[in-house]
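Understanding the architecture of this molecule
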Amino acid sequence: DAMVIQNPRYQVTQFGKPVTLSCSQTLNHNVMYWYQQKSSQAPKLLFHYYDKDFNNEADTPDNFQSRRPNTSFCFLDIRSPGLGDAAMYLCATSSFSGDRETQYFGPGTRLLVL
Amino acid sequence: AQSVTQPDIHITVSEGASLELRCNYSYGATPYLFWYVQSPGQGLQLLLKYFSGDTLVQGIKGFEAEFKRSQSSFNLRKPSVHWSDAAEYFCAVTHTGTASKLTFGTGTRLQVTL
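Throughout what follows, the structure given in this document is the object of discussion. (Residues numbered from 1 in each chain as written. Chains lettered and ligands numbered in written order. Predicted model: local features only at pLDDT ≥ 70, side-chain atom pairs only at ≥ 80, totals over all residues. Heavy atoms only, no water.)

Our focus in this paragraph is the overall build of chain A. Each helix and strand counted, chain A has 0 helices and 11 strands in total. The order of α-helices and β-strands along chain A, N terminus first, is β-β-β-β-β-β-β-β-β-β-β. Relative to the globule expectation of 13 Å for 114 residues, the C-alpha radius of gyration of chain A, 13 Å, shows essentially globular dimensions. Dimensions along the principal axes, computed over C-alpha positions, put chain A at roughly 40 × 30 × 30 Å. (Helix = DSSP H or I, 4+ residues; strand = E, 2+ residues; numbered from the N terminus. Rg over C-alpha atoms; globule rule 2.2 N^0.38 Å.)

Take a look at the structure:
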């Protein structure tokens, strides 16, 4: 089945230790997104790739970076995690052609910062 | 700017009872509307979506939603709730011509009593 896969599902890191979260998709979608979701809150968009074009949200901290080496994979790098970065990180994909876009989400990676 | 309001933070229903989750949006043009469900520790699963046409849309798991332009609403309904429906439900809106600008409501947590 076509799907969005996130690895790992759970990630524990130390304060200030860089961490990378992974997302892959078999849907061949041209857009990939990263969201941060804190407890009991709605997902918050961090950035997205439209093909190879990177689009950063204005309020996304510089501590968060992303890479998309090919259509299938996208990575979220947190350079120096703080305690406030503990959250669920959701990857989503969509096939955007100018209209009627639907986003499909992966299962998420729960990040714990010690 | 577009916005989504889910007035009910928490709803409790008995198994077998009917369910209606409210969603109101604010957007000047024709919106594209979505309902997602999130089980604890999981990603978001698309329940249904509305782009145009028939204002009553059917989704997965027996859910339906009705788009009412005059009320700026897109309420989610299910005639008979199952215990497995207990989850967080998010209404979201976007519009034509742009990737990524999916605006979420704050979510409604559904509890089902046996």
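Back to the text.
Moving on to the environment of A:Tyr50. All names here are of chain A. With respect to the helices, strands and loops of the structure, Tyr50 is situated in strand β5 (residues 44–50). We classify Tyr50 as partly exposed; its relative accessible area is 30%. Sequence separation between Tyr50 and Asn7 is 43 residues; the distance between their C-alpha atoms is 21 Å. Those residues in contact with Tyr50 that sit more than four places away from it in its chain are Asn30, Val31, Asn55 and Phe96. (Buried < 20%, exposed > 50% of the residue type's maximum accessible area, 1.4 Å probe, protein only. Contact = heavy atoms within 4.5 Å.)

All right, on to the state of the cysteines then. Going through the model one piece at a time under the given rule, you end up with 2 disulfides over all chains. Two residues, A:Cys23 and A:Cys91, share a disulfide whose sulfurs are 1.9 Å apart. Across the disulfide from A:Cys23 to A:Cys91, rotation about the S-S bond amounts to roughly -70 degrees, and the bridge is consequently left-handed. Taken as a pair, A:Cys23 in strand β3 (residues 19–25) and A:Cys91 in strand β9 (residues 87–94) lie far apart in primary sequence, 68 residues in all. Residue classification places A:Cys91 among the buried positions, given a relative accessible area of 0%. With its sulfur 2.0 Å from that of its partner, B:Cys23 forms a disulfide with B:Cys91. In this structure the cystine formed by B:Cys23 and B:Cys91 twists about its S-S bond by roughly -65 degrees; its chirality is therefore left-handed. A residue pair is termed long-range when its members are at least 10 positions apart, and B:Cys23 in the loop between β3 (19–21) and β4 (24–26) and B:Cys91 in strand β10 (residues 87–95) qualify at 68 residues. In this structure B:Cys23 comes out as buried when scored by relative accessible area, which is 0%. Take A:Cys74: it sits in no disulfide, and the sulfur closest to it among the cysteines is that of A:Cys91, at 6.1 Å. A relative accessible area of 1% places A:Cys74 in the buried class. (Disulfide = S-S within 2.5 Å.)

Residue and element names in this part refer to chain B. Inspection of every chain in the model, using the stated rule, returns 7 salt bridges over all chains. With its nearest N and O atoms 2.9 Å apart, the salt bridge here joins Arg22 to Asp8. Residue Arg22 is found in the loop between β3 and β4, and its partner Asp8 is found in the loop between β1 (3–5) and β2 (10–14); the two are separated by 14 residues along the sequence. Its relative accessible area of 18% is what places Asp8 among the buried residues. Salt bridges linked by common partners bring Glu64, Glu66 and Arg77 together as one network. (Salt bridge = Lys/Arg side-chain N within 4 Å of Asp/Glu carboxyl O.)

All names here are of chain A. Strand order in the open sheet made by the 4 strands is β1-β3-β8-β7, with antiparallel pairing throughout. With partners counted over all chains shown, the strands left at the sheet margins are β1 (4–7) and β7 (64–67), one partner each. Averaged over neighbouring strand pairs, the angle between their axes works out to 20 degrees when direction is ignored. Summarising the sheet, β7 and strand β8 (residues 73–78) pair through 4 bridges and their orientation is antiparallel. Across the sheet, the residue bridging to Gln65 is Asp77, located in β8. (Pairing = 2+ DSSP bridges. Axes fitted to C-alpha atoms, helices over the stretch in contact; angles between N-to-C directions.)

What follows covers unusual backbone geometry. In this chain, A:Asn7 is followed by A:Pro8 through a cis amide linkage whose omega measures -10 degrees. Even without being glycine, B:Ser72 reaches a positive phi, approximately 50 degrees. Structurally, B:Ser72 is set in the loop between β8 (64–68) and β9 (73–78). B:Ser72 gets classed as partly exposed once you look at its relative accessible area, which sits at 25%.

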